[in-house]
Amino acid sequence: MARDGIEHRHLRSALEFAVLMAKEGQKRRPPLAFPTALKKYVSMTRIPAASLPAIRRIIDHDDEFRRRLAVGALPELVDPVGRLWLERPAGWEADAAQLIVEAEQAEREATATRDLQRAEKRRAAAEQAAVRT
């Protein structure tokens, strides 16, 4: 977790976007500039969770690259927390924290709903087995 209190996993979409832009930017002529430390991540098909902190530090230390990423960070490519982290408008940390709380609550509710549906299916199956017996 960084100074802003946001866990690296919450920034996965923005970090993966940064690596993708570095990779795709090399196909252009002239190639787009990116932090050289990102080079070792460009060839990865999936960024492992253990690499997220390092990628985050690389982007945090290159404000120009981060600002360029923010311009292209469309909602289809980067989630709201990631876009806030890239753009960093005034008060972004509080907004990101609120979005994270809401997303985690939605995930808990979805998990509870799935668990309830599974339990209902097991109960119905047990009732059918009892009737057949």
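Scroll up for the structure.
Reading the values: rules and limits
- Residues numbered from 1 in each chain as written.
- Predicted model: local features only at pLDDT ≥ 70, side-chain atom pairs only at ≥ 80, totals over all residues.
- Heavy atoms only, no water.
- Helix = DSSP H or I, 4+ residues; strand = E, 2+ residues; numbered from the N terminus.
- Salt bridge = Lys/Arg side-chain N within 4 Å of Asp/Glu carboxyl O.
- Buried < 20%, exposed > 50% of the residue type's maximum accessible area, 1.4 Å probe, protein only.
- Expected span 1.5 Å × (residues − 1).
- Contact = heavy atoms within 4.5 Å.
- Core = buried A, V, L, I, M, F, W, Y, C linked by side-chain atoms within 4.5 Å.

A. Fine view of unusual backbone geometry. With omega at -5 degrees, the peptide bond leading from Arg29 into Pro30 counts as cis. Within the secondary structure layout, Pro30 lies in the loop between α1 (12–25) and α2 (39–42). A positive phi angle, near 55 degrees, is found at Arg88, a position not held by glycine.

B. Region of the structure containing the pattern of salt bridges. Under the counting rule described, the total for this entry stands at 13 salt bridges. Across the pair Arg88 and Asp60 runs a salt bridge, and its minimum N-O distance is 2.4 Å. Separated by 28 residues along the polypeptide, Arg88 in the loop between α5 (80–87) and α6 (92–132) and Asp60 in helix α3 (residues 52–60) bring together distant segments of the chain. Judged by relative accessible area, which is 25%, Asp60 ranks as partly exposed. Among the ionic pairs, Asp63 bridges to Arg66, the shortest N-O distance being 3.3 Å. Here Asp63 pairs with Arg66, and both are found in helix α4 (residues 63–72), just three residues apart, close to one helical turn. With a relative accessible area of 36%, Asp63 lands in the partly exposed category. You can call Arg66 buried: its relative accessible area is 6%.

C. Region of the structure containing α6. Over its 41 residues, α6 runs 60 Å from end to end, which matches the ideal 60 Å to within 8%, given 1.5 Å per residue. Within α6, the full set of buried residues consists of Trp92, Ala96 and Ile100. In the core, the buried residues of α6 are packed alongside α5.

D. Geometry of the nonpolar core. In this structure, Leu38, Tyr41, Ile55, Ile59, Trp85 and Leu86 are the most contacted members of the largest nonpolar core, which totals 30 residues. Among the secondary structure elements, those contributing two or more residues to this core are α1, α2, α3, α4, α5 and α6. Counting residues per element, this core draws most heavily on α1, which supplies six residues. Those residues within four positions of Ile59 in sequence are excluded, and the remaining contacts are Leu15, Ala18, Phe65, Arg66, Leu69 and Trp85.

E. A look at the side chain of Arg12. Mapping Arg12 onto the fold places it in helix α1. Note on Arg12: relative accessible area 18%, which makes it buried. When residues no more than four places from it in sequence are discounted, the contact partners of Arg12 are Arg46, Ile47, Pro48, Ala49 and Leu52.

F. Layout of α3. Taking burial as the measure, the nine residues of α3 include seven buried ones, the bulk of the element. Buried residues belonging to α3 abut α1, α2, α4 and α5.

G. Representation of the side chain of Ser51 in the model. Secondary-structure assignment places Ser51 in the loop between α2 and α3. Among all residues touching Ser51, those that are not within four sequence positions of it are Tyr41 and Met44.

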